[in-house]
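One letter stands for each residue in the lines below.
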Amino acid sequence: MSKLHYSQFYIGVCTLAALATMANINMASDNLIIVLALAVTFLGLPHGALDFAVAKSLNLVTSVSTAIRFVTIYSVVAATSISFWIWVPDIALVLFLCISAFHFSADWRATMPLFSRVGLACTLLCGPSVLYSATLTDLFTALLLTTQAANWVIQGMQITFYIGLCVFLYFIIQLPIHKKSLSVWQYSEWLTLLLSSIILNPLLHFGLYFCLLHSPKHLQDVGVKLHVSVKRAIAISLPFVILTIVLAAGLYELFASSNLSADLLRWIFIGLFGLTMSHMLLIHLWHGAD
Ligand SMILES: CC1=C(/C=C/C(C)=C/C=C/C(C)=C/C=O)C(C)(C)CCC1
Ligand SMILES: [Fe+2]
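Source: prediction; values computed, not measured. (Residues numbered from 1 in each chain as written. Chains lettered and ligands numbered in written order. Predicted model: local features only at pLDDT ≥ 70, side-chain atom pairs only at ≥ 80, totals over all residues. Heavy atoms only, no water.)

Participant: Hey, could you go over the packing of aromatic side chains for me, with residue numbers and the actual values?
Facilitator: Following the criterion strictly, the structure yields 14 aromatic pairs and no others. When the ring of W85 is compared with that of F96, the centres are 6.1 Å apart and the planes differ by 75°; the resulting orientation is edge-to-face. Placement of W85 in helix α4 (residues 64-87) and of F96 in helix α5 (residues 89-105) is noted, with a sequence separation of 11 residues between them. We note that W85, like F96, is buried. With a centroid separation of 5.1 Å and 70° between ring planes, the pair formed by W85 and F273 is classed as edge-to-face. Here W85, found in helix α4, pairs with F273, found in helix α13 (residues 260-289); they are 188 residues apart in sequence, far enough to count as distant. F273 carries the same exposure label as W85, and that label is buried. (Phe/Tyr/Trp six-rings, centres within 6.5 Å; stacked < 30°, edge-to-face > 60°. Helix = DSSP H or I, 4+ residues; strand = E, 2+ residues; numbered from the N terminus. Buried < 20%, exposed > 50% of the residue type's maximum accessible area, 1.4 Å probe, protein only.)

Dropping the structure here:
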């Protein structure tokens, strides 16, 4: 599948999800969290699990000792980040949103200048705050923030959404002036992202973007640069995915509370925060070395 096919598939699934939402066919939020956990594990994690291969291509891993050093640094950064979230969840969430906007913006690094694509990434991350602020308050308090801190973050997200949207629209308006033409699919993908961020339940919106667009496009990118097929890329990442599941299951046994969906939600996002801090840094280095 090419990147275009991923975009088309993403647009198709989002359209169906939007139709279901408008027809009031909604999944119970507990079930949605379980589906999100499975999707993030099997579709989202593989893109981070290729980081070892990326590190090799950057010559950060050249021998057994450098491999051990890489895995150790990666794990220490993850553990430190998770502890940081538990210590100051509000600051950690704001940091996570800012770094993620920068990281997700790289999805369009071939088509857009930095400023505009960060604008688009801010819109897609902050869109849920426009119509789903009450849902976000629930999610953020489940992620250990106080209600007051959650509301502050949500207000910040609302402002960021409008600023990001203006920056992105300015880029779109400039396109004909610079006589640049992009495919109708590219425009459709952006419109879908915008609408999905506003209309769909925040977890559904994030899950669809992360699992059907960001992760597959990254797998494809790494595959092309490192000369491995997407199938092989998935095979390479499988041991890391299994290791993560085993670790998460072990930690779950230790720390489980009686509320499965709140636990899962914490594991998905606080876990993602831990894992993606190293991932985002490494991918930034990799794109810089391009
Ligand atoms: C917590 C949370 C959100 C933010 C998630 C982020 C910021 C995820 C970043 C993932 C990354 C960077 C993966 C890397 O490949 C949403 C969706 C706004 C709303 C629901 C709760
Ligand atoms: Fe990523």
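Participant: Break down the side chain of T21 for me, citing the residues and quoting the values.
Facilitator: Along the chain, the position of T21 falls in helix α1 (residues 3-22). Those residues in contact with T21, other than ones at most four positions away along the chain, are N26, Y132, I199 and L200. (Contact = heavy atoms within 4.5 Å.)

Participant: I'd love a proper account of the site of ligand 1, names of residues and values included.
Facilitator: Close contacts around ligand 1 come from 18 residues, with H47, F96, H103, H214 and T276 the closest. Here an oxygen atom of ligand 1 and a side-chain polar atom of H103 are 3.3 Å apart. Contact between ligand 1 and H279: an oxygen atom at 3.4 Å from a side-chain N or O atom of the residue. Calculation on ligand 1 without its partners gives an accessible area of 550 Å², and the protein chains cover 99% of this total. Counting atoms within 2 Å of the grid points, the majority share of ligand 1 lands in the largest cavity. (Near = heavy atom within 4 Å. Polar contact = N/O pair within 3.5 Å; in protein donor to acceptor, adjacent residues only side chain to side chain. Areas by Shrake-Rupley, 256 points an atom, 1.4 Å probe, with all protein chains shown as cover. 1 Å grid on protein atoms, 1.4 Å probe; cavity = no way out; pocket = protein on both sides within 12 Å on 5 of 7 lines; lining within 4 Å. Sits in = over half its atoms within 2 Å of the grid points.)

Participant: Any chance you could break down a nonpolar patch on the surface for me, citing the residues and the numbers?
Facilitator: Nonpolar side chains collect at one region of the surface, where I34, L38, F42, L43 and I245 lie side by side and expose about 440 Å² of accessible area between them. It is helix α2 (residues 29-49) that provides the largest number of residues to the nonpolar patch, a total of 4 residues. By the secondary structure assignment, L43 is in helix α2. (Patch = residues over 30% accessible without salt bridge, like charges linked within 9 Å, V, L, I, M, F, W, Y side chains within 5 Å. Salt bridge = Lys/Arg side-chain N within 4 Å of Asp/Glu carboxyl O.)

Participant: Outline the UniProt feature "transmembrane region" (unreviewed entry) in the protein chain, supporting the account with residue identities and numerical values.
Facilitator: Under the present numbering, the feature "transmembrane region" (unreviewed entry) in UniProt falls on residues 6-25, 32-54, 84-106, 118-147, 159-178, 190-212, 233-252 and 264-286. Span residues 32-54 is 96% helix and 0% strand, its end C-alpha atoms 32 Å apart. As a span, residues 233-252 carries 100% helix and 0% strand, and end to end its C-alpha atoms are 28 Å apart. (UniProt positions renumbered as here; feature names shortened; annotations may be inferred.)

Participant: Please set out the layout of surface pockets residue by residue, giving values where relevant.
Facilitator: Estimated volume of the largest pocket: approximately 1600 Å³. Lining the largest pocket are 48 residues, with T244, L247, A248, G271 and L275 positioned closest to its centre. Of all elements in the fold, only α2, α3 (51-57), α4, α12 (230-255) and α13 reach the threshold of two or more residues within the lining of the largest pocket. Looking at the lining of the largest pocket element by element, the count peaks at 12 residues for α13. Residue composition of the lining of the largest pocket, grouped by class: 35 nonpolar, 10 polar and 3 charged. (Points joined across faces, edges and corners; volume = space filled by probe spheres on them. Nonpolar A, V, L, I, M, F, W, Y, C, P; charged D, E, K, R; others polar.)

Participant: Outline the packing of α2 against helix α11 (residues 202-225), listing residues and values.
Facilitator: Packing of α2 against α11 brings their axes to within 9 Å, and their N-to-C directions diverge by 15°. It follows from the interaxial angle that α2 and α11 lie roughly parallel. Every pair of crossing elements has a handedness; the one defined by α2 and α11 is left-handed. For the pair formed by α2 and α11, the contact residues are L32, I33, L36, A39, V40, L43, G44, P46 and H47 on the first element and L203, L204, G207, F210, C211, H214, S215, H218 and L219 on the second. For the contact of α2 with α11, the per-class residue count stands at 12 nonpolar, 6 polar and no charged. (Axes fitted to C-alpha atoms, helices over the stretch in contact; angles between N-to-C directions. Parallel < 35°, antiparallel > 145°, perpendicular 65-115°, else oblique. Left-handed = near helix turned anticlockwise from the far one by under 90°.)

Participant: Tell me about α2, residues and numbers included.
Facilitator: A rise of 1.5 Å per residue sets the reference length of α2, with its 21 residues, at 30 Å; its end C-alpha atoms lie 28 Å apart and thus fit the reference within 8%. Listing the buried residues of α2 in full gives L32, I33, L36, A37, V40, T41, G44, L45, P46, H47, G48 and A49. (Expected span 1.5 Å × (residues − 1).)

Participant: Explain the environment of Y6 residue by residue, including any values.
Facilitator: With respect to the element layout, Y6 can be found in helix α1. Sequence separation between Y6 and L212 is 206 residues, and the spatial gap between their C-alpha atoms is 6.8 Å.

Participant: Let's hear about the pattern of salt bridges: which residues, and what values?
Facilitator: Per the stated rule, a full pass over the model turns up 3 salt bridges. E189 is paired through a salt bridge with K217; the nearest N and O atoms lie 3.0 Å apart. Of the two residues, E189 sits in helix α10 (residues 184-199) while K217 sits in helix α11, which places them 28 residues apart along the sequence. One exposure class covers both E189 and K217, and it is buried. Where D263 meets R266, a salt bridge forms, and the shortest distance between an N and an O atom there is 3.9 Å. Placement of both D263 and R266 in helix α13 is noted, with a separation of 3 residues, approximately one turn of the helix. Given a relative accessible area of 6%, D263 falls into the buried group.

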